[in-house]
Amino acid sequence: MPRDLRLSRMLHVLIHLDRHVERATSDQIAGMISTNPVVVRRMMAGLREKAILISEKGHGGGWQLARPLSAISLLDVYEAIGSPPLFNIGPGAEPADCLVEKAVDARLDLAMKEAERKLLQQFSEISVEDLAQDFEQRFAALQVEAGEAGANAALKHSGTDR
C-alpha cells in the first residue's frame, strides 16, 4: 500500500506560504510538491474549510495563510486533510472465525488504538511554526557549511591552508 503524502505535502506548502511566498496559485503549489493543480485544490479545500487558508479566485488570486503558523498544529492539518489512516498495519478487515486470529486481531487493535492516540496527542503539541523553525536552523547550518567550504576553497586556491 502506497504512503499517504498529503500531510507532509500540506505542511511543506504551509511553510512555503509563510516563509517564501505570501500567496500562491494552485499551479505554483503543484510545482512545489510535484503534483497536479486539481489535486492541490482538492487537498487545499479542507485547509480552507478549517480556516487555515483563504483563497481568492481570478487574476491575482491564490492561496494564503489565514492565521500564523504558530496557531496551526499538526493535528489541525491532519484533520483538515480528512484524518487519513496513520498506519498500514493492523487487524484484518473481515471478522475472523479462527480463535487465534481473533486473539491476534484484538491485541493488535488495542495496541494500534493506543499508538494512534499517542501520535495524535503529539500532533496536537507541535505547531507548524515548530517545523518552520527547524527548517530555518537546518538552512542556517547549511549556509555556514557552504560559507566555510567557500572560504576553505578560496584559501586553498590562494596557496594558503588552515
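Residues numbered from 1 in each chain as written. Predicted model: local features only at pLDDT ≥ 70, side-chain atom pairs only at ≥ 80, totals over all residues. Heavy atoms only, no water.

Bringing unusual backbone geometry into the picture now. Phi at Ser34 is positive, roughly 55°, even though this residue is not glycine. With respect to the helices, strands and loops of the structure, Ser34 is situated in the loop between helix 2 (26-33) and helix 3 (37-49). On the accessibility criterion, Ser34 (64% relative accessible area) is exposed. Residue Ala51 is not a glycine yet carries a positive backbone phi of 60°. Among the structural elements, Ala51 can be located in the loop between helix 3 and strand 1 (53-56). (Helix = DSSP H or I, 4+ residues; strand = E, 2+ residues; numbered from the N terminus. Buried < 20%, exposed > 50% of the residue type's maximum accessible area, 1.4 Å probe, protein only.)

Here strand 1 runs beside strand 2 (residues 62-65); their pairing, made up of four bridges, is antiparallel. In the strand pairing of strand 2, Leu53 is matched with Leu65. Counting the residues that bridge the hairpin from strand 1 to strand 2 gives five residues, and of these Gly58 lies at a positive phi of roughly 90°. (Pairing = 2+ DSSP bridges.)

Okay, the packing of aromatic side chains next. Summed over the entire model, instances satisfying the criterion amount to two aromatic pairs. Consider the rings of Tyr78 and Phe123, whose centres lie 5.9 Å apart with planes at 65°: the pair is edge-to-face. Of this pair, Tyr78 sits in helix 4 (residues 74-80) while Phe123 sits in helix 5 (residues 99-125), placing them 45 residues apart in sequence. Neither residue differs from the other here; Tyr78 and Phe123 are each classed as buried. Ring geometry for Phe135 and Phe139: centres 5.9 Å apart, planes at 25°, overall stacked. Of this pair, Phe135 and Phe139 both sit in helix 6 (residues 128-157), four residues apart, roughly one helical turn. For Phe135, a relative accessible area of 32% translates into the label partly exposed. (Phe/Tyr/Trp six-rings, centres within 6.5 Å; stacked < 30°, edge-to-face > 60°.)

Now for helix 5. Along an α-helix, a turn takes 3.6 residues, which lines up residues three or four apart on a common side. Its 27 residues give helix 5 an end-to-end C-alpha distance of 39 Å, which sits within 8% of 39 Å, the value for a rise of 1.5 Å per residue. The set of residues buried in helix 5 consists of Asp105, Met112 and Phe123. Tucked inside the fold, the buried residues of helix 5 contact helix 1 (6-19) and helix 4. (Expected span 1.5 Å × (residues − 1). Contact = heavy atoms within 4.5 Å.)

This part covers helix 2. All of the buried residues in helix 2 are Ser26, Ile29, Ala30 and Ile33. The buried residues of helix 2 occupy one face: seen down the axis, they fall within an arc of 105°. Exposed and facing more than 90 degrees away from the buried side of helix 2 are Asp27 and Gly31. Looking at the packing, one finds that the buried side of helix 2 touches helix 1, helix 3 and strand 2. Within two residues after helix 2, Ser34 carries a phi angle of roughly 55°, on the positive side. (Arc of directions from axis to C-beta.)

With that settled, consider the pattern of salt bridges. Using the criterion set out here, one finds ten salt bridges in the structure. In this structure, the salt-bridge partner of Arg6 is Asp4, at a minimum N-O distance of 2.6 Å. Looking at Asp4, the relative accessible area reads 39%, which means it is partly exposed. For Arg138, the salt bridge goes to Asp134, with nearest N and O atoms at 3.1 Å. In this pair, Arg138 and Asp134 both sit in helix 6, four residues apart, roughly one turn of the helix. On the basis of relative accessibility, which here comes to 59%, the residue Arg138 falls in the exposed class. Asp134 sits in the partly exposed class, given a relative accessible area of 31%. Among the charged side chains, a salt-bridge network with shared partners connects Asp18, Arg19, Glu129 and Glu136. (Salt bridge = Lys/Arg side-chain N within 4 Å of Asp/Glu carboxyl O.)

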